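So the chains spell out like this:
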Amino acid sequence: MSNAPWTDEENDLIVADYFAMLKADVMGHPYSKAAHRRALLPLLAGRSEGSIEFKHQNISAVLKGLGEDWIPGYKPAFNFQMALVDAVARWLAMNPAWLARLPHTRLETSLQESAPLWIGPAPTRSNQPPPQELEQMLHVAHTYDAAGRGARNRTLGRAGEERMLAHEWTSLRMAGRDDPARKVRWVSEEDGDGAGYDIASFAPDGQTRLIEVKTTNGWERTPFHITRNELAVANARRSEWCLVRLWNFSREPKAFELLPPLDAHVTLTATTFEAGFA
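Now for a look at the structure at hand. (Residues numbered from 1 in each chain as written. Predicted model: local features only at pLDDT ≥ 70, side-chain atom pairs only at ≥ 80, totals over all residues. Heavy atoms only, no water.)

### Considering the packing of aromatic side chains
For the structure on display, the rule yields 5 aromatic pairs. Pairing Y18 with F19 gives two aromatic rings, centres 6.3 Å apart and planes at 75°, and the pair type is edge-to-face. With respect to class, Y18 is no different from F19; both count as buried. Between Y18 and Y74, the aromatic rings sit 6.3 Å apart at their centres with planes inclined by 35°, giving tilted as the arrangement. (Phe/Tyr/Trp six-rings, centres within 6.5 Å; stacked < 30°, edge-to-face > 60°. Buried < 20%, exposed > 50% of the residue type's maximum accessible area, 1.4 Å probe, protein only.)

### Considerations on the sheet that holds strand 5 (residues 241-247)
The strand order 1-6-5-4-3-2 describes an open sheet built from 6 strands, whose pairing is mixed. This sheet does not close on itself; its edge strands, each paired only once, are strand 1 (118-119) and strand 2 (185-186). One ladder, built from 6 bridges, connects strand 4 (residues 208-215) with strand 5; its direction is parallel. When the sheet's bridge partners are listed, L210 is paired in strand 5 with W241. (Pairing = 2+ DSSP bridges. Helix = DSSP H or I, 4+ residues; strand = E, 2+ residues; numbered from the N terminus.)

### A word on helix 1 (residues 8-27)
Between its first and last C-alpha atoms helix 1 spans 29 Å; for 20 residues at 1.5 Å apiece the expected length is 28 Å, and the two agree. For helix 1, the set of buried residues is E10, N11, I14, V15, D17, Y18, F19, M21, L22, A24 and V26. If you follow the buried residues of helix 1, they end up packed against helix 2 (33-40), helix 3 (49-66), helix 4 (82-94) and helix 5 (96-99). Note on helix 1: the residue one or two positions beyond its end, G28, has a positive phi of about 75°. (Expected span 1.5 Å × (residues − 1). Contact = heavy atoms within 4.5 Å.)

### Brief notes about the nonpolar core
One finds V15, F19, F80 and V88 to be the most contacted residues of the largest nonpolar core, which totals 33 residues. Within the residue set of this core, elements represented by two or more residues are helix 1, helix 3, helix 4, helix 5 and helix 6 (131-143). Each residue touching F80, except ones within four places of it in the same chain, is listed here: N58, A61, V62, V85, Q136, M137 and V140. Residues A159, L165, F249 and A255 belong to the second largest nonpolar core, which totals 18 residues. (Core = buried A, V, L, I, M, F, W, Y, C linked by side-chain atoms within 4.5 Å.)

### Some words on the pairing of strand 5
Most of strand 5 is tucked away, with 7 of its 7 residues classed as buried. By the alternation rule, side chains of strand 5 split into W241, L243, R245 and W247 and C242, V244 and L246, which are all buried. For the crossover that starts at strand 4, traverses helix 11 (residues 228-236) and ends in the parallel strand 5, the hand is right-handed. Across 5 bridges, the pairing between strand 5 and strand 6 (residues 254-258) is antiparallel. Bridge pairing in strand 6 links L243 to L258. The antiparallel hairpin formed by strand 5 and strand 6 contains 6 residues in its connecting segment, where N248 sits at a positive phi of about 55°. (Right-handed = clockwise from strand over helix to strand, strands pointing away.)

Okay, here's the thing in structure tokens:
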């Protein structure tokens, strides 16, 4: 069996095979991992079924780093080569419809009938992955601009806002607060993106909640973009503003909240600059 480094052609073949399985998995269609491995064997001369399975696990790790969905049955395996990341990036570039797809969790019933989201603790140093794994994930995310790609995915962003709107309505009604529930507004949809938050809602005690929603299909530590205006509103209205991070969105949406000041929770890195001639 070959121990030689995987070629670009081999990586492209196995990445395409992985996405064929991932599409079936996301849609709930039956497929056989063993059958896929056996079908690849004659195309990957000298590779064993074990090496193919491990490479599939590497692809899961790459997708995790990119902030994308992966096959749960292939637990992410790290210490992959950047050539594999390049192959995944090539597949995504040639298949833009995959990133623009409607999330499988898109609401199929009225918003009022949706169950509340699971909102848990935010990532901290105490619950972070092993240092080597975290370093590789963050390197992939920054190199391939996972945050920027997420910010540009309006389909995903809008679906996340819609899901959070449903959560707010449902939570208030379950608390017996029908009147404020009727006043919850989808600000970014009704007024545009300039307010510095997406949803205007209320806590059960009547306190105003200004909610900025950031959504990813990836894991909870996928980086995200936040605008200067969003930060300004967060600082100006600290008692009302919060950021809700939705993650694992295409599978089973989960969420956590971050309250101002944001730099107490995350590292804020300037990524763009305004150029003037003054």
